[in-house]
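# Residue-level structural notes
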Amino acid sequence: MYPFRRSVGLPVNTIVTKNLNDEEKYPVTQLLIDDEFLPLTSPAQRASLGRSPVIALLGTETPSRLKLVLDLDPASFLVKPLRSAGIYAALVLAFERSERSNELKQQVLKLEQRLRSRRVVLAAVLQVMHTHALAEPAAFALIRRAAMEQRKTIEELSAEITAKGSLPRATG
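Since the structure is predicted, the reported quantities are computational estimates derived from the model, not experimental observations.

## Observations concerning unusual backbone geometry
Of note, the amide linkage connecting Lys80 to Pro81 takes the cis form, showing an omega dihedral of 0 degrees. Its location among the elements puts Pro81 in the loop between β4 (76–79) and α3 (87–132). One non-glycine residue, Ala133, lies in the positive phi region at around 55 degrees. For Ala133, the position within the fold is in the loop between α3 and α4 (136–150). Phi at Arg151 takes a positive value of approximately 55 degrees, unusual for a residue other than glycine. Mapped onto the elements, Arg151 comes out in the loop between α4 and α5 (154–164).

Below you can see the structure in the form of structure tokens.
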């Protein structure tokens, strides 16, 4: 593995073969992994894969070698012997894919959290429907209006409603 490191003392285009445990001193921004060193067996090597985009260096295109490379989920690849053409494109593609992947992961986490909170919202809507004798759309509108007035999310206000048993503050 050849980690790309960004630091005051190391330019981005320098390939460093330092130990991956120097992460505080030289944070890894890219990993170049040569297919000749696969599969990765060291726990330290495996742990570094999730933090940085991987660029695979392919020497042969045999199905077994490609399977090992695909298991790494590389952001890009380069074919050996390396030439200047394509290196910049591989780096840009790897950075962009990594950024998009991180954004999508954050979006999924946010949606999963909202999905988990839907139960609380439903419980609050049912509680407001019961206590105020309202239909479901009207109860939800009341909760939404109260949340907007209090500058809270619907989920936060719904949690308060289910905890207290009623709307925290009377809204007209």
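Additional details are given in the paragraphs that follow.
## Let's talk about the nonpolar core
Residues Val125, Val128, Ile143, Ile154, Leu157, Ile161 and Leu167 are the most contacted members of the largest nonpolar core, which totals 13 residues. Elements with a contribution of two residues or more to this core: α3, α4 and α5. Sorting elements by how many residues they give to this core places α4 first, with five residues. In this structure, Leu49, Val54, Leu58 and Leu72 belong to the second largest nonpolar core, which totals 10 residues.

## As for α3
In this model α3 runs 66 Å from its N-terminal to its C-terminal C-alpha over 46 residues, within 8% of the 68 Å that 1.5 Å per residue would give. Of all the positions in α3, only Ala90, Leu91, Ala94, Ser98, Ser117, Val121, Ala124, Val125 and Val128 are classed as buried. Immediately beyond the C-terminal end of α3, within one or two residues, lies Ala133, with a positive phi of roughly 55 degrees.

## Topic: the side chain of Ser158
Inspection of the secondary structure assignment puts Ser158 in helix α5. Polar side-chain contacts of Ser158 include one of 2.7 Å to the backbone oxygen of Ile154. Apart from residues lying up to four places away in sequence, Ser158 is in contact with Val120, Val121, Ala124 and Ile143.

## Some details on the environment of Leu57
Position of Leu57 relative to the elements: it lies in strand β3 (residues 54–58). By relative accessible area, Leu57 is classed as buried at 5%.

## Quick word on the pattern of salt bridges
The final tally for this structure, using the stated rule, is five salt bridges. Two residues, Glu160 and Lys152, come together in a salt bridge whose shortest N-O distance is 2.5 Å. Classification of Glu160 as partly exposed rests on a relative accessible area of 22%. Lys152 sits in the partly exposed class, given a relative accessible area of 28%.

## Looking at the packing of α4 against α5
In the contact formed by α4 and α5, the axes pass within 9 Å of each other and the chain directions differ by 110 degrees. Judged on the interaxial angle alone, α5 and α4 are roughly perpendicular. Together, Phe140, Ile143, Arg144, Ala146, Ala147 and Gln150 of α4 and Ile154, Leu157, Ser158, Glu160 and Ile161 of α5 make up the contact between the two elements. A class-by-class count of the residues in the contact of α4 with α5 yields seven nonpolar, two polar and two charged.

## Looking at the packing of α3 against α5
Relative orientation of the contacting elements α3 and α5 amounts to 50 degrees, with a least axis distance of 8 Å. By the angle class used here, α3 and α5 are oblique. The element α3 and its partner α5 pack so that their crossing is left-handed. Side by side, α3 and α5 meet where Arg114, Ser117, Arg118, Val120, Val121, Ala123, Ala124, Gln127 and Val128 of the first sit next to Ile154, Glu155, Ser158, Ala159, Ile161 and Thr162 of the second.

Conventions we followed
Residues numbered from 1 in each chain as written. Predicted model: local features only at pLDDT ≥ 70, side-chain atom pairs only at ≥ 80, totals over all residues. Heavy atoms only, no water. Helix = DSSP H or I, 4+ residues; strand = E, 2+ residues; numbered from the N terminus. Core = buried A, V, L, I, M, F, W, Y, C linked by side-chain atoms within 4.5 Å. Buried < 20%, exposed > 50% of the residue type's maximum accessible area, 1.4 Å probe, protein only. Expected span 1.5 Å × (residues − 1). Polar contact = N/O pair within 3.5 Å; in protein donor to acceptor, adjacent residues only side chain to side chain. Contact = heavy atoms within 4.5 Å. Salt bridge = Lys/Arg side-chain N within 4 Å of Asp/Glu carboxyl O. Axes fitted to C-alpha atoms, helices over the stretch in contact; angles between N-to-C directions. Parallel < 35°, antiparallel > 145°, perpendicular 65-115°, else oblique. Nonpolar A, V, L, I, M, F, W, Y, C, P; charged D, E, K, R; others polar. Left-handed = near helix turned anticlockwise from the far one by under 90°.

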